[in-house]
Structures are given as structure tokens and as C-alpha cells.
Amino acid sequence: MIPEDVPGLVRWEIQMHEPCSRVWICKAHGRTTTPVEPTALGQAVLAAYLTSRPAPYGETFRVLVRTDTGSQLTLAADQLPDGYRTTDPALHEALPGYLRSALTA
């Protein structure tokens, strides 16, 4: 059993739904080694991505998060708490620079 404070590899992918073809298209992806809980990381990644770019009307986004233990979760944009912001330093450290700055803006 791996202790919770040991960093693990987490991969994430931001996807946009294309209504005409009915497929999910990858818009951004990344990976990090972190002990941060995958749900919290997924929420931060999706919130930062949506904050960093204007979303045209009608686009639907989600984030797919996979861990090195084989677990996977999907979070839709409408599952984010209203006005989502985080101040967790470990979470900010796990994000790439462009997403980190979007959350602190």
C-alpha cells in the first residue's frame, strides 16, 4: 500500500464536446507527479482552463483524470462549484504555469 503523501503520476485531459460529430475532442492535456487528490486536481485544471480562455456559447467541456493506480474520473464543467477558486499551495504547484496564473488572477 502506498502512503497518501507519496506523489503519484496523474494525467489529465481537457475535452470539448463537438455536437455535430458527437465526439469529445482533446483541447489540452498534461501530467504531474503529486500527492494532491485527483478530484481536487481535476476541478482546478478545468476551472483554470475555462478561466484562461473565453468559451464560445454552447461549448461543453469536461476533464478526464487518470492516476497511475488505474483509477479514472470525469468531471463536467457544470459540476464545478460556483466561483471555484483554490489556495492550496500543493495544488498550485501541480499545475502548469499558464493554468496556475489563471487561478490566481
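Fair warning: this is a prediction, and the values are worked out from it, not measured in the lab. (Residues numbered from 1 in each chain as written. Predicted model: local features only at pLDDT ≥ 70, side-chain atom pairs only at ≥ 80, totals over all residues. Heavy atoms only, no water.)

**Description of the packing of aromatic side chains**
Then comes step 1: Counted by the stated rule, this structure contains one aromatic pair.
Then comes step 2: Ring centres of tyrosine 49 and phenylalanine 61 lie 5.9 Å apart, and the angle between their planes is 55 degrees; on these two criteria the pair is classed as tilted. Of this pair, tyrosine 49 sits in helix α1 (residues 38–52) while phenylalanine 61 sits in strand β3 (residues 60–67); the two residues are twelve residues apart in sequence, bridging distant segments of the chain.
Then comes step 3: For phenylalanine 61, a relative accessible area of 3% corresponds to the buried category.
Then comes step 4: The positively charged end of arginine 62 is found above the aromatic ring belonging to tryptophan 24, 3.9 Å away from the centroid. (Phe/Tyr/Trp six-rings, centres within 6.5 Å; stacked < 30°, edge-to-face > 60°. Helix = DSSP H or I, 4+ residues; strand = E, 2+ residues; numbered from the N terminus. Buried < 20%, exposed > 50% of the residue type's maximum accessible area, 1.4 Å probe, protein only. Lys NZ or Arg CZ within 6 Å of the ring centre and 35° of its normal.)

**Examining the confidence of the model for the protein chain**
Then comes step 1: Chain-level pLDDT for the protein chain is 83 on average; 85% of the residues reach the 70-or-more range.
Then comes step 2: No element of the protein chain has a lower mean pLDDT than helix α3 (residues 97–104), at 78, and none a higher one than strand β4 (residues 72–76), at 94. (pLDDT = per-residue confidence, 0-100.)

**What about the pairing of β3?**
Then comes step 1: In the sheet, strand β1 (residues 8–18) pairs with β3 via eight bridges, with the strands oriented antiparallel. Note that in β3 the partner of tryptophan 12 across the bridge is valine 65.
Then comes step 2: In this structure, β3 lies alongside β4, joined through five bridges in antiparallel fashion. Bridging across to β4, valine 65 finds its partner in leucine 73. (Pairing = 2+ DSSP bridges.)

**Here's the deal with the sheet that holds strand β2 (residues 23–34)**
Then comes step 1: If you trace the four strands from one edge of the open sheet to the other, you get β2-β1-β3-β4, paired in antiparallel fashion. Looking at strand neighbours, the two that pair on one side only are β2 and β4, the edges of this open sheet. Shown here is a sheet whose adjacent strand axes are inclined to one another by a mean of 20 degrees, direction ignored.
Then comes step 2: Against the sheet, α1 touches β1, β2, β3 and β4, its axis set at about 145 degrees to β3. (Axes fitted to C-alpha atoms, helices over the stretch in contact; angles between N-to-C directions. Contact = heavy atoms within 4.5 Å.)

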